[in-house]
Amino acid sequence: MSALPAACTAVPVEHADFIRQVLERIGDKWTLMVIGSLRGGGVMRYKELQSFIPGISQRMLSRTLAQLHHDGLVSRTAYAEVPPRVEYALTPLGASLNDIVASMIGWAADHHDEIRRHRERSGTADAR
């Protein structure tokens, strides 16, 4: 097998696993919400960022920020103050996802009623 099917034909097979990992990371719901929140807010402190993302736990926000920092999508600046202050911002790499993330969040917002109706009709338990 020398290439992947359909839209992935430009991806060399030897890169497929890594690309799948990247897509898992940036396609995660919390990642999308963090990037979407930082997009509008520029530099944000942890608690401020958490207030923009309803339902995210401290553990999940910390984990998501650490993963995004590890991948170079978010910068983390710690200040040696009392109390300590840490600020997060999108890096240029992370900011390059702005339009994609905004489109995905917008699409979900635009179509949530329609999807909810389909879930209710099909008897899907998670129709909320």
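Residues numbered from 1 in each chain as written. Predicted model: local features only at pLDDT ≥ 70, side-chain atom pairs only at ≥ 80, totals over all residues. Heavy atoms only, no water.

Caption draft 1: Examining the confidence of the model for the protein chain more closely. Taken over all residues, the pLDDT of the protein chain has a mean of 87, while the share at 70 or more is 90%. Between the elements of the protein chain, mean pLDDT differs from a low of 86, seen in helix H1 (residues 16-27), to a high of 96, seen in helix H4 (residues 58-70). (pLDDT = per-residue confidence, 0-100. Helix = DSSP H or I, 4+ residues; strand = E, 2+ residues; numbered from the N terminus.)

Caption draft 2: Looking closely at the pairing of strand S2 (residues 74-79). Looking at chain direction, S2 and strand S3 (residues 85-90) are connected through six bridges and run antiparallel. Directly across from Thr 77, in S3, lies its bridge partner Glu 87. Counted between consecutive antiparallel strands, the loop separating S2 from S3 contains five residues. (Pairing = 2+ DSSP bridges.)

Caption draft 3: Quick look at H4. The terminal C-alpha atoms of H4 lie 18 Å apart, and with 13 residues this matches the ideal 18 Å at 1.5 Å per residue to within 8%. Among the residues of H4, those classed as buried are Met 60, Leu 61, Thr 64, Leu 65 and Leu 68. Buried residues along H4 cover an arc of 130° about the axis, so they all sit on one side. Exposed and oriented more than 90 degrees from the buried face of H4 are Arg 59 and His 70. (Expected span 1.5 Å × (residues − 1). Buried < 20%, exposed > 50% of the residue type's maximum accessible area, 1.4 Å probe, protein only. Arc of directions from axis to C-beta.)

Caption draft 4: Structural detail: the packing of aromatic side chains. By the definition in use, this model includes zero aromatic pairs. Above the ring of Tyr 79, the side-chain terminus of Arg 85 is found at 3.8 Å from the ring centroid. (Phe/Tyr/Trp six-rings, centres within 6.5 Å; stacked < 30°, edge-to-face > 60°. Lys NZ or Arg CZ within 6 Å of the ring centre and 35° of its normal.)

Caption draft 5: Region of the structure containing the nonpolar core. The biggest cluster of nonpolar side chains holds 21 residues, and the ones touching the most others in it are Val 34, Leu 38, Leu 49, Leu 61 and Leu 65. Breaking this core down by element, the ones donating at least two residues are helix H2 (29-41), helix H3 (46-52), H4 and S3. No other element matches the five residues that H2 contributes to this core. (Core = buried A, V, L, I, M, F, W, Y, C linked by side-chain atoms within 4.5 Å.)

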